[in-house]
Every structure is written in structure tokens, then in C-alpha cells.
Amino acid sequence: MSVISVGQAVVLGVVEGVTEFLPVSSTGHLKITQGLMGIPVDDKSVVAFSAVIQVGAIAAVFVYFFKDIVRILSAWFRGLADKEERYHHDYKFAWWIIYATIPIVVVGLAAKPLIEGPLGSLWVVAGSLIVGSGVMWCADQMGRHKRGEDDTTFKDAMLVGSSQILALLFPGFSRSGATMSTALILDLDRVAATRLSFFLGLPALTGAGIYELKDAVGASVGTLPLIVGTLVSFVVAYASIAWLLKFVAKHSFNAFVVYRIVIGLLLFGLLGTGVINA
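Being a predicted model, the structure only gives us computed values, none of them experimental. (Residues numbered from 1 in each chain as written. Predicted model: local features only at pLDDT ≥ 70, side-chain atom pairs only at ≥ 80, totals over all residues. Heavy atoms only, no water.)

Novice: Is there a simple way to explain the side chain of Thr33 in this structure?
Specialist: Note on placement: Thr33 falls in helix H2 (residues 26–36). Residue class for Thr33 comes out buried when judged on its relative accessible area of 16%. For Thr33, the residues in contact, after removing those within four places along its chain, are Val11, Leu12 and Val15. (Helix = DSSP H or I, 4+ residues; strand = E, 2+ residues; numbered from the N terminus. Buried < 20%, exposed > 50% of the residue type's maximum accessible area, 1.4 Å probe, protein only. Contact = heavy atoms within 4.5 Å.)

Novice: Where do I start with the nonpolar core in this structure?
Specialist: One recurring pattern in soluble globular proteins is that nonpolar side chains are buried together. In this structure, Phe21, Phe65, Phe198, Ile241, Leu244 and Phe256 are the most contacted members of the largest nonpolar core, which totals 43 residues. Ranked by residue count, the leading element in this core is helix H11 (residues 190–216), at 8 residues. Those residues in contact with Phe198 that lie beyond four places of it in its chain are Phe21, Val61, Phe65, Ile241, Leu244 and Leu245. Counting residues in each nonpolar core, the second largest holds 12 residues, with Leu12, Ile39, Val52 and Ile53 among its members. (Core = buried A, V, L, I, M, F, W, Y, C linked by side-chain atoms within 4.5 Å.)

Novice: What's the story with a nonpolar patch on the surface in this structure? I'm lost.
Specialist: Side chains of Val6, Val10, Val14, Val18 and Leu224 sit close together on the surface and give an oily, nonpolar patch of about 340 Å² of accessible area. For the nonpolar patch, the element with the highest residue contribution is helix H1 (residues 6–19), accounting for 4 residues. One can find Val6 in helix H1. Using a relative accessible area of 33% as the deciding quantity, one classes Val6 as partly exposed. (Patch = residues over 30% accessible without salt bridge, like charges linked within 9 Å, V, L, I, M, F, W, Y side chains within 5 Å. Areas by Shrake-Rupley, 256 points an atom, 1.4 Å probe, with all protein chains shown as cover. Salt bridge = Lys/Arg side-chain N within 4 Å of Asp/Glu carboxyl O.)

Novice: So what exactly am I meant to see when it comes to unusual backbone geometry here?
Specialist: Excluding glycine, residues mostly carry a negative phi; peptide bonds, for their part, are mostly trans. With a phi angle near 80°, Ser25 is a residue other than glycine that sits in the positive phi range. Within the element layout of this structure, Ser25 appears in the loop between H1 and H2. Phi angles above zero are rare outside glycine, and Asp187 is one such case at about 75°. Here Asp187 is to be found in the loop between helix H10 (175–185) and H11.

Structure follows, in C-alpha cells:
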């Protein structure tokens, strides 16, 4: 019998799609939702299920930013063949994405037992939601928002890409929150910070989903819930991306900061009263 039903997969797909790119922690929200539905959050196949349905959300990024991705890849291939093309920012940016992915891959593989074990606790999620809120608020206040996407450098890409490790080790911190906060501290404007977060997340999240596929497709999860959850996350994530880019163009991240604190405190309360298990 599947540990996740099709109906639960739909709910989890919606949660993943809404929260993957918002700086509120998709992993944290998935674990909270799984806990409320009585799904064992530390089950290996459930952890894998969460990673795989992220691919649906990542696919939404590929579709939404298709022209940008084609432009960057075209510049990269041209640069491989033509030395003059290597001075183009898009060629350099393609390499920066590759280099910036290496730290999170190394840490992810090395710390996999911890990530799927002690660090996967909902107590960690609750604490990370609140601590991450403080980091995000400080970053938004510190940042001067004076640099655009074309002003990004290799240093920016490496620092922002490496910040994903925080979310990897502390679910609840939020990958988007960590990358956007780092970009803001580096004085990128909110739209540039958000777009950079999208592009730098593509290789790591896609790779994680493919890597975990073998554990998700099995007796304890089932193929149908996995397919349904992934498709739902794709549709919802596409709408979420469009909304977020419009939102950050005119607003600060304060609304997300307040929301994260409220959710973190609520989760502490639910855990403390035994309503859900860690």
C-alpha cells in the first residue's frame, strides 16, 4: 500500500508549486503538510518523493525562462567554438552556474545521512524558518539594490550558489530565501536577485530530483502519486513564478519575513502540544 495517496499527492504538489520559489521554504512546508496528513516525514521514499516533485516546479522555470535559457546556452556553445564569443556575459554566466553548483552537490552527497535524518526534524524546520526570517530582513535592509542582472559577476554567482547549502542542511531556511538574501547583501536589486535565484537553482534541484527518483518509484510511494504530484507542482509553480517576479518589482520581502515567523511559531506550538510529530 502506497504511503502517499493520489489525493495527498495533489495537495503536496500544490504546496510544492506555491512555495518552491517563494522565500518561505518549500521543504519546510512539505514536511509540515506531510506531518499534518500523518505521512512519515523521515521515510526514505517520502523524502525522495519531495525531491522528485520539485522537478515539476523546475520544469516550470525552464518553460517560463525558455528564451533566456536558450540565449545563455547558445552563447555557451558559441563560446566553446569561438574565442571571441567568450567575452560575452551570457557565456561567462553559463560557466558560473556550473561552478556555483559544485559546492551544493559536494555537501549534498557528503551530508545526505544527516539531511535525511536528524536535520530533517520539524523542530529544525521551525527554528530555520524563524532564523532565516531574520537573515532575510537584514539582507533587505542592508542591500542598496543598485545592481542589475547584467552587473552580476563570478563572485556573485559563487556566493549566491553556495548559500543554497544553508537550505540544504537546514530545511526551513529556504533555498530561495538564502540565495535572494545573499544577492541582496551583494547589492543586486530584488528582481535581479530573484532571477539569479531561479537560474542557480536549476542544476541542483533537477539533479536532486533525478538522483532521488530511484527511491521514490517503489512500493511505499507508487508511480501514480509521483506523476500526479509532479504535474500539479509544474502548473502551480508556473503561476507562482509569474506572480513573484511582479511582486518583487514593487515590494520588499517584509511580507515573507512576517509569514515565516508566524509559520515557525505555529509549528513550534503544534510540535510542543503533540498535534504533529517531529
